[in-house]
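Results of the structural survey
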Amino acid sequence: MNTVRRGAAALAAAAVLGTGAAGAASAAPSPSPSAGTLPSGLYGTKDPTYDGVWRQSLAFLAQRGTGYQPADPAVDWLLGQQCADGSFASYRADVSKPCDAKTMRDTNATAVAVQALRAVRRQAAAPEAIDKAVKAGSDWLRSVQNKDGGWGYGAGGASDANSTSVVVGALAAIGVRPGSFTSAEGRTPYDALLAFALPCSDEDGAGAFAYQPDKTGKLLANADATAAATLAGLGKSVVATKASPEQPPTCTDLSKPTVERAALNGASYLSKALAKTGHLTLPPMPGATDTAEQPDIGNTADAVVALAAAGAAKEAEPALTWLEKNSAAWAKEGGPAAYAQLILAARATDTDPREFGTADLVEQLNATGPAPKTPDTSASSTSDDEAGFDVWWIIGIGTLVGVGVGFLVSGRKK
């Protein structure tokens, strides 16, 4: 998932594809605030209309991953964005007004906010309020799960690989096995993900995932969706760290497909895509005068995390090196979510985000919002203060991933 563009571009993609998500998100968003009127607890200085909750949540996850605890006002801001029914919109400019039928509730924002709040709970000033918010958020996600087991960007929209994947990550983070989160039709999120998986026999996208079927029902390879679904198929999320033992990713079609195998096939696709140039690329926008492909820095970072989580950190190394050399201007422009993506990519490959090329990503992220609480340097090397969210993530997901000799056991089977 390209986290920097989560809000506006997801709506645009829905419109281009002609999917149900566009209809579900047709209501007008809250008025765009000017930079001078942004709340003090919010990370970033740009208009948060389409990504306020998303960038705040990604910042929290990256900070916890480096041992920092977000400031209480920042946590309070995120809690205040939640609707009474447990959902989150991309951004609510006026939280004194209750959410109504015109509020654009967002499954992606809700899922990542649930995950972020769970991550900061231990050192938060009001853990009980966080527990309540997390439960309400997960209950709302269950209430809008589609019959096929997945989720669209907006409640009621057609399921897509990215939205379904970010919900899987949230469920795993709060200790809910995604395979037990069934729809009214008895379908799981993994059933939905398998419907987006391309076979290894596909000539153009062997092992990839599609965002959604196109208007004719055909699945087209999408690197963004593949990175997201690879992590979800492994029972992981953007906070994933390197799996071992390592092995080169391969693509294998099974007579009875499994989500675990589909995830490893996705890693194979990403590995081959990165091997071409060291990074993923963006096609030109429709109608653009410049028809040359451009580097896709955000999705390259996401692909690094996915490969590391699949036991293919070696294949991710060239892309990480490329990011260290080429991401500075992009991160500065993208702000909190961009810095967070790079930090999570660094962590996934055991790279120090404080020495990312010539950049200290942690310092740069922390500077985009309220100063976080500094790490407790007296904590032991095994404490979850120092390890960030590693301890609660391992406990919450209940998953052991072993990719050696093609064997993988996930939380879905446990």
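Below is a short write-up of the structure. Note that the structure is predicted; figures quoted are calculated from it, not measured.

Examining the state of the cysteines
Evaluated as defined, the whole model comprises two disulfides. Covalent S-S linkage joins Cys-200 and Cys-251, the inter-sulfur distance amounting to 2.0 Å. Across the S-S bond linking Cys-200 and Cys-251, the dihedral sits near -90°, which makes this disulfide left-handed. Here Cys-200 is found in the loop between α8 (189–194) and α9 (223–233), whereas its partner Cys-251 is found in the loop between α9 and α10 (259–277), with 51 residues between them in sequence. In this structure Cys-251 comes out as partly exposed when scored by relative accessible area, which is 24%.

Observations regarding the nonpolar core
In terms of nonpolar packing, the biggest core is built from 88 residues, with Phe-60, Leu-78, Leu-117, Ile-130 and Leu-323 touching the most fellow members. Counting residues in hydrophobic clusters, the runner-up holds 12 residues, among them Ala-161, Tyr-190, Phe-209 and Ala-232.

Some remarks on the pattern of salt bridges
All chains considered together, the criterion is met by nine salt bridges. A salt bridge links Asp-350 to Lys-242; the nearest nitrogen and oxygen atoms lie 3.2 Å apart. Placement of Asp-350 in the loop between α14 (336–348) and α15 (361–366) and of Lys-242 in the loop between α9 and α10 is noted, with a sequence separation of 108 residues between them. Its relative accessible area of 33% is what places Lys-242 among the partly exposed residues.

Regarding the packing of aromatic side chains
What describes a pair of aromatic rings is the distance from one ring centre to the other and the angle between the planes of the rings. Taken as a whole and assessed by the stated rule, the structure comprises three aromatic pairs. On the basis of an interplanar angle of 20° and a centroid distance of 6.2 Å, the ring pair of Trp-77 and Tyr-91 is categorised as stacked. Here the residue Trp-77 occupies a position in helix α4 (residues 72–80), and Tyr-91 occupies one in the loop between α4 and α5 (107–120), the gap between them amounting to 14 residues. The two residues Trp-77 and Tyr-91 agree in class, both being buried. On the numbers, 5.9 Å between centres and 35° between planes, the contact of Trp-151 with Phe-181 is tilted. In this pair, Trp-151 is assigned in the loop between α6 (127–143) and α7 (161–173) and Phe-181 in the loop between α7 and α8, connecting sequence segments 30 residues apart. Across this residue pair, the class does not change: Trp-151 and Phe-181 are buried. Positioned above the aromatic ring of Phe-181 is the side chain of Arg-142, whose terminal nitrogen or guanidinium carbon lies 3.9 Å from the ring centre.

Conventions used here
Residues numbered from 1 in each chain as written. Predicted model: local features only at pLDDT ≥ 70, side-chain atom pairs only at ≥ 80, totals over all residues. Heavy atoms only, no water. Disulfide = S-S within 2.5 Å. Helix = DSSP H or I, 4+ residues; strand = E, 2+ residues; numbered from the N terminus. Buried < 20%, exposed > 50% of the residue type's maximum accessible area, 1.4 Å probe, protein only. Core = buried A, V, L, I, M, F, W, Y, C linked by side-chain atoms within 4.5 Å. Salt bridge = Lys/Arg side-chain N within 4 Å of Asp/Glu carboxyl O. Phe/Tyr/Trp six-rings, centres within 6.5 Å; stacked < 30°, edge-to-face > 60°. Lys NZ or Arg CZ within 6 Å of the ring centre and 35° of its normal.

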